[in-house]
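Remarks on the overall topology
Listed below, chain by chain, are the residues.
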Amino acid sequence: MKTCKKCGTAYEKEKGHVCEVEKKEVESYILSQREEIQPLLREIRETILSAVPGAYEKISWKMPTFYKTHDIIHFAAFKNHWGLYPGPVAIEHFKERFEGLTYSKGAVQFPYDRPLDKKLIYDMTRWCHETGNHH
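Residues numbered from 1 in each chain as written. Predicted model: local features only at pLDDT ≥ 70, side-chain atom pairs only at ≥ 80, totals over all residues. Heavy atoms only, no water.

This part takes up the pairing of strand 3 (residues 56-60). Of all five residues that make up strand 3, four are buried, and the element is covered over most of its length. Where strand 3 hands over to strand 4 (residues 63-67), the hairpin turn is made up of two residues, of which Trp 61 adopts a positive phi near 55°. (Buried < 20%, exposed > 50% of the residue type's maximum accessible area, 1.4 Å probe, protein only. Helix = DSSP H or I, 4+ residues; strand = E, 2+ residues; numbered from the N terminus. Pairing = 2+ DSSP bridges.)

Shown next as structure tokens:
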């Protein structure tokens, strides 16, 4: 048995634990961003969660992070864009789908004025989860 450091709930390591405190931290992160981008951030969050049902949410590296036995993917809001952090192997695997986007070794940047590519977010999240390649 393990005990959640955030809420004190005991759980079996193999089954994991969905911590309501951590979910609230992700929602607090979204609420701390500019009001006009909050709906977009919620869409990103929901797309990631739909790609990996049962994924847990937490704040790691000061970003919303999704995990299930390992960190799968992160996202973060910035002044002129939001970033998705799937890790370097995923960036290499998906880079042909990043036309017009800025990307680096472990992240891809999406300008706020670009339509949300839910299919890309979903595919990257699933791939990271299924392959174990992550940030």
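Structure's up, so let's keep going.
Take His 74: it is sitting in strand 5 (residues 71-77). At 2.7 Å, the side chain of His 74 and the side chain of Thr 65 are in polar contact. (Polar contact = N/O pair within 3.5 Å; in protein donor to acceptor, adjacent residues only side chain to side chain.)

Our next topic: the nonpolar core. Ranked by size, the top nonpolar core spans 35 residues in total, and within it Ile 44, Ile 48, Phe 75, Trp 82, Leu 84 and Phe 98 carry the most contacts. Mapped by element, the contributors of at least two residues to this core are helix 1 (20-31), helix 2 (38-51), strand 4, strand 5, strand 6 (81-85), helix 3 (88-94), strand 8 (108-111) and helix 4 (118-131). Broken down by element, this core gets its largest block of residues, six residues, from helix 2. Filtering out sequence-adjacent residues up to four positions away, Ile 44 remains in contact with Phe 75, Trp 82, Leu 116 and Ile 121. (Core = buried A, V, L, I, M, F, W, Y, C linked by side-chain atoms within 4.5 Å. Contact = heavy atoms within 4.5 Å.)

Our next topic: the sheet that holds strand 3. Strand order in the open sheet formed by six strands is 3-4-5-6-8-7, and the pairing between neighbours is antiparallel. Each edge of the open sheet carries a strand with a single partner, namely strand 3 and strand 7 (102-103). Direction of pairing for strand 3 relative to strand 4: antiparallel, over a ladder of five bridges. Directly across from Glu 57, in strand 4, lies its bridge partner Phe 66. Seen against the sheet, helix 2 touches strand 3, strand 4, strand 5 and strand 6 and runs at an angle of roughly 170° to strand 5. (Axes fitted to C-alpha atoms, helices over the stretch in contact; angles between N-to-C directions.)

This next bit is on helix 2. When the terminal C-alpha atoms of helix 2 are compared, their 20 Å separation across 14 residues agrees well with the 20 Å that a helix rising 1.5 Å per residue should span. Of the positions making up helix 2, those classed as buried are Gln 38, Leu 40, Leu 41, Ile 44, Arg 45, Thr 47, Ile 48, Leu 49 and Ala 51. (Expected span 1.5 Å × (residues − 1).)

Turning next to the packing of aromatic side chains. Considering all chains together, one arrives at five aromatic pairs under this definition. With a centroid separation of 4.4 Å and 10° between ring planes, the pair formed by Trp 82 and Phe 110 is classed as stacked. Residue Trp 82 is found in strand 6, and its partner Phe 110 is found in strand 8; the two are separated by 28 residues along the sequence. The pair formed by Trp 82 and Phe 110 is uniform in burial state, with each residue classed as buried. Above the ring of Tyr 67, the side-chain terminus of Lys 58 is found at 4.4 Å from the ring centroid. (Phe/Tyr/Trp six-rings, centres within 6.5 Å; stacked < 30°, edge-to-face > 60°. Lys NZ or Arg CZ within 6 Å of the ring centre and 35° of its normal.)

By themselves, these are just geometric observations and shouldn't be taken as functional.
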